[in-house]
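Overview (structure and organization)
In case you want the letters, here they are:
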Amino acid sequence: MRKQAATRQSDVLKVLKRHGKPMTAYAILDRMKPGEPGLAAPTIYRTLAALTEQGRAHKLESMKAFVPCRCDHEASVPVLAVCEDCGTVEEHDGSPILPKLKALSEQSAFQATRHIVEIHGRCQACAT
């Protein structure tokens, strides 16, 4: 039985939210497969593509992993602070830097389709 796209997206978001740390598509698949033995990686990738396009999840490009969106930033920039020790990801609203990113792109006539800023380092808990 095939699930509707909205139901599949909801299921994947629940897995991401429950895990609390970035997850690869295969890690998501592993969590969902016991309940859906016929589930395959392409379905998870399509679902994650839809969720990122909708702004309901973010892809951490440097890690090829995903996190659920935790901010309302429709016309903004998600700034994702990734702790390299414990793996937690904090999401911040990057609205103040959006004009600067647009200006940088315009200098070379680059047409940006989306903005995501990743900052890697150590969270407060790991730094103390």
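In the block above lies the structure referred to throughout.
What you see is a predicted model, and the numbers here were worked out from it, not measured in a lab.

So, on to the overall build of the chain. Across its full length, the chain carries 5 helices and 5 strands. A principal-axis box enclosing the C-alpha atoms of the chain has dimensions of 50 × 40 × 20 Å. Scored against the burial criterion, the 128 residues of the chain give a buried share of 34%. Of the contacts made within the chain by residues no fewer than 6 positions apart, 47% connect residues no fewer than 24 positions apart. Of the roughly 8200 Å² of accessible surface on the chain, 53% is carried by carbon and sulfur atoms. Charged side chains of the chain number 18 positive and 14 negative; the gap between the two group centres comes to 7 Å.

Turning next to unusual backbone geometry. The residue Lys64 is not glycine, and still its phi comes out positive at about 55 degrees. As for its position among the elements, Lys64 is in the loop between strand E1 (57-60) and strand E2 (65-68). Lys64 gets classed as exposed once you look at its relative accessible area, which sits at 59%.

What follows is about the nonpolar core. Proteins that are soluble and globular tend to have nonpolar side chains buried together. Membership of the largest hydrophobic core comes to 16 residues, with the highest contact counts inside it found for Val12, Leu16, Ile28, Met32, Ile44 and Leu48. Within the residue set of this core, elements represented by two or more residues are helix H1 (5-19), helix H2 (25-32) and helix H3 (41-54). Other than its neighbours up to four places away in sequence, Ile28 contacts Val12, Val15, Leu16, Met23, Ile44 and Leu48. Formed by 5 residues, the second largest nonpolar core is a distinct cluster that contains Leu60, Leu80, Val82 and Val89.

Moving on, we get to the packing of H1 against H3. Interhelical geometry of H1 versus H3 gives an angle of 85 degrees and a closest axis separation of 10 Å. The pairing of H1 with H3 is recorded here as roughly perpendicular in orientation. Residue-level inspection shows Arg8, Gln9, Val12, Leu13 and Leu16 of H1 in contact with H3, the latter providing Thr43, Ile44, Thr47, Leu48, Ala50, Leu51 and Gln54.

The rules behind these values
Residues numbered from 1 in each chain as written. Predicted model: local features only at pLDDT ≥ 70, side-chain atom pairs only at ≥ 80, totals over all residues. Heavy atoms only, no water. Helix = DSSP H or I, 4+ residues; strand = E, 2+ residues; numbered from the N terminus. Buried < 20%, exposed > 50% of the residue type's maximum accessible area, 1.4 Å probe, protein only. Contact = heavy atoms within 4.5 Å. Areas by Shrake-Rupley, 256 points an atom, 1.4 Å probe, with all protein chains shown as cover. Lys, Arg positive; Asp, Glu negative; His and termini not counted. Charge placed at Lys NZ, Arg CZ, Asp CG, Glu CD. Core = buried A, V, L, I, M, F, W, Y, C linked by side-chain atoms within 4.5 Å. Axes fitted to C-alpha atoms, helices over the stretch in contact; angles between N-to-C directions. Parallel < 35°, antiparallel > 145°, perpendicular 65-115°, else oblique.

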